[in-house]
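Summary of the model geometry
If you want the building blocks of each chain, they are given just below.
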Amino acid sequence: MDLSKHAFFEGKIVPWSEAKINIATHGFLYGTSVFSGMRAYWNEEKEKLFVFRPYEHFHRLLDSAKMLAMETPYDEEGFIQLTLDLLRTDNWRQDVYLRPTIYKADMGIGVRLHNLRDEFSMFVTSFDKYVANDSNAHLTFSSWRRIDDNVIPARGKISGAYANSALIKTDANRAGFDEAIVLDSNGHVSEGSAMNIFMVRNGILITPPSTDNILEGITRRSVMELAREELGIQVEERSIDRTEIFIAEELFMTGTAAQVVAATKVDHRPVGGGAMGPITAKLRALFDDVVRARVPKYHKWNVEV
Ligand code: PMP
C-alpha cells in the first residue's frame, strides 16, 4: 500500500508523519468517528485524475456527523476543495482511495457525544481490488446480524459499527468464502460486510430499501441510475428474503472499495447458471467507464483534480 506523503490533519495539510492522534482520543477509545471511502480514478487518455462523486460522499459524511452530534466548519464544497488540495500536493497519477474522517478529538474518559471537540482528517492511499475474486465470488449467509437502526444506525458510516462488519468478514473468509450476505434482525437481506447487494429476478434488478439497515451506498445509487437509464431495465427497492437469493438469476455487490463484484455461488449453490450474468457484466463495464470519466453523459459525477 502506497500512502500519501501528506495528510489533512487538525486544520491543515501536514507531512504524513505529523498526522498522529493521542491514545486517549475519544474517537479511538469509543469508535466515535464517522468516515467515508472515496476513490479517484486515473484517466490514461486524458492524463488526469477524477474524484468520483465527492459531493455525495461528503454529503453522507455530514449526515453521519449529524447523527453523532458533530460539528465541522466545512460544507460539501469546502471538503471538496480540501480533497483537491491534498491530491494536488502529492501529484497523484494513479487510482487512489481517500479516507476522510470526522472524529471526537478530545482526550479522556467519558462516553457521550456532547461537549466534545470534533476534528477532520483525510489521507490518500493507492488501492487495488478489495475483493480479489470479484468476477466469480462465493458468498455465504453470515451468522451475524446487521446492526439495527435503533442500535447503531447502519445508514451512518460510524467507525465503531465496523466491528460488526469485521466479525462478518473474518468469519466468512476463514470459512473459505469471499464475502458474506448479512440479514437484519427482521430476517431480511441487508447488505454485505462493506457493500450493498443486488439480485436479478425475472429480469428486474432488486436491492433492499434504505429502511432495511443498509448503508445508503453511492455506488448503489449510481448503479441503479445506470441500470435504468442505460440498460433500460426496471429497478426495485424492496425487502429481500433469504431464499430469494438462492433462486436469483444474477447476484452482485457494490461499493466504493469493492466496485461491482459478481457473485456466482452462495453457500455452494450456483447463482443462475453459475457464471457472471449479462446484466452484471454490462453494469461492471459501464461503471468502470463512468468512474474513469469516459462517458460524457456522466461527467457530472467526475470531479477533475
Ligand atoms: N455498506 C457498507 C456497510 C459499507 O461500508 C459500504 C462502503 N462504504 C457500502 C455499503 C457501499 O457504499 P458506497 O458505495 O458508498 O461505497
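Residues numbered from 1 in each chain as written. Predicted model: local features only at pLDDT ≥ 70, side-chain atom pairs only at ≥ 80, totals over all residues. Heavy atoms only, no water.

**Brief notes about the overall build of the chain**
Within the chain one finds seven helices and 17 strands. Computed over the C-alpha atoms, the radius of gyration of the chain is 19 Å, within 12% of the 19 Å expected from 2.2 N^0.38 for a compact globule of 305 residues. Across its three principal axes, the chain shows a C-alpha extent of roughly 50 × 50 × 30 Å. Burial statistics for the chain: of 305 residues in total, 53% are counted as buried. Considering only contacts in the chain between residues 6 or more positions apart, those separated by 24 or more positions represent 70%. As displayed, the chain has an accessible area near 13,500 Å², and 50% of this comes from carbon and sulfur atoms. On the chain, the mean spot of the 36 positive side-chain charges and the mean spot of the 42 negative ones are 2 Å from each other. (Helix = DSSP H or I, 4+ residues; strand = E, 2+ residues; numbered from the N terminus. Rg over C-alpha atoms; globule rule 2.2 N^0.38 Å. Buried < 20%, exposed > 50% of the residue type's maximum accessible area, 1.4 Å probe, protein only. Contact = heavy atoms within 4.5 Å. Areas by Shrake-Rupley, 256 points an atom, 1.4 Å probe, with all protein chains shown as cover. Lys, Arg positive; Asp, Glu negative; His and termini not counted. Charge placed at Lys NZ, Arg CZ, Asp CG, Glu CD.)

**Remarks on the packing of aromatic side chains**
For any pair of aromatic rings, the description rests on two quantities: the centre-to-centre distance and the angle between the ring planes. Taken as a whole and judged by the stated rule, the model has 15 aromatic pairs. A ring pair is formed by Tyr74 and Phe79, whose centres lie 5.3 Å apart and whose planes are at 50 degrees; its orientation type is tilted. Using a relative accessible area of 0% as the deciding quantity, one classes Phe79 as buried. Seen from their ring centres, Phe127 and Tyr130 are 6.4 Å apart, and the 20 degrees between their planes marks the pair as stacked. Residue classification places Phe127 among the partly exposed residues on the basis of a relative accessible area of 24%. In this structure Tyr130 comes out as partly exposed when scored by relative accessible area, which is 35%. Each member of the aromatic cluster is reached from another via a ring pair, and the members are Phe8, Phe58, Tyr74, Phe79 and Phe120. Sitting above the plane of the Phe141 ring, Arg242 keeps its charged end 4.5 Å from the centroid. Its guanidinium or amino end placed over the ring of Phe246, Arg269 lies 4.0 Å from that ring's centre, counting from NZ or CZ. (Phe/Tyr/Trp six-rings, centres within 6.5 Å; stacked < 30°, edge-to-face > 60°. Lys NZ or Arg CZ within 6 Å of the ring centre and 35° of its normal.)

**Considerations on the site of the ligand**
Around the ligand, the structure places 16 residues, and the nearest of them are Arg60, Tyr162, Glu191, Thr219 and Thr256. In the model, a nitrogen atom of the ligand is placed 2.6 Å from a nitrogen or oxygen of the Glu191 side chain. Between the ligand and the protein, one listed contact pairs an oxygen atom with a backbone N or O atom of Ile218 at 2.7 Å. Notes on the ligand: free accessible area 390 Å², of which the protein chains cover 97%. Breaking the shell around the ligand down by element, the ones donating at least two residues are α5 (218-229) and β14 (250-255). Residue composition of the shell around the ligand, by class: five nonpolar, seven polar and four charged. (Near = heavy atom within 4 Å. Polar contact = N/O pair within 3.5 Å; in protein donor to acceptor, adjacent residues only side chain to side chain. Nonpolar A, V, L, I, M, F, W, Y, C, P; charged D, E, K, R; others polar.)

**Section: the pairing of strand β15 (residues 259-266)**
Burial analysis of β15 places seven of its eight residues in the buried class, the great majority of the element. Sheet analysis places strand β8 (residues 137-145) next to β15, joined by three bridges and oriented parallel. Across the sheet, residue Leu139 finds its bridge partner in β15, namely Val266. As defined by bridge partners, β14 adjoins β15 across four bridges and the pair is classed as antiparallel. Counterpart to Met253 in the pairing with β15 is Val261. Remark: three residues form the turn of the hairpin made by β14 and β15, two consecutive strands paired antiparallel. Where β15 hands over to strand β16 (residues 269-270), the hairpin turn is made up of two residues, of which Asp267 adopts a positive phi near 45 degrees. (Pairing = 2+ DSSP bridges.)

**Brief notes about the domain arrangement of the chain**
Taken domain by domain, the chain holds domain 1 (6-126) and domain 2 (137-291). Here the C-alpha centroids of domain 1 and domain 2 sit 26 Å apart. Counting residues at the interface gives 18 residues for domain 1 and 20 residues for domain 2. When domain 1 packs against domain 2, close to 1,700 Å² is buried across both sides, 62% of that on carbon and sulfur atoms. Among the residues domain 1 hides against domain 2, the three largest losses belong to Phe35, Phe52 and Arg60. Together they make up 35% of the total. (Domains from an automatic or database assignment. Buried area = accessible area lost by both parts, 1.4 Å probe.)

**Quick notes on the packing of α5 against helix α7 (residues 278-291)**
Viewed as axis vectors pointing N to C, α5 and α7 meet at an angle of 110 degrees, and their least axial separation amounts to 11 Å. Between α5 and α7, the angle falls in the class roughly perpendicular. You can see that α5 and α7 cross each other, and the crossing is right-handed. Here Thr219, Ser222, Val223, Leu226 and Ala227 of α5 lie close against α7, whose contacting residues are Leu283, Leu286, Phe287 and Val290. Class assignment for the residues of the contact of α5 with α7 results in seven nonpolar, two polar and no charged. (Axes fitted to C-alpha atoms, helices over the stretch in contact; angles between N-to-C directions. Parallel < 35°, antiparallel > 145°, perpendicular 65-115°, else oblique. Left-handed = near helix turned anticlockwise from the far one by under 90°.)

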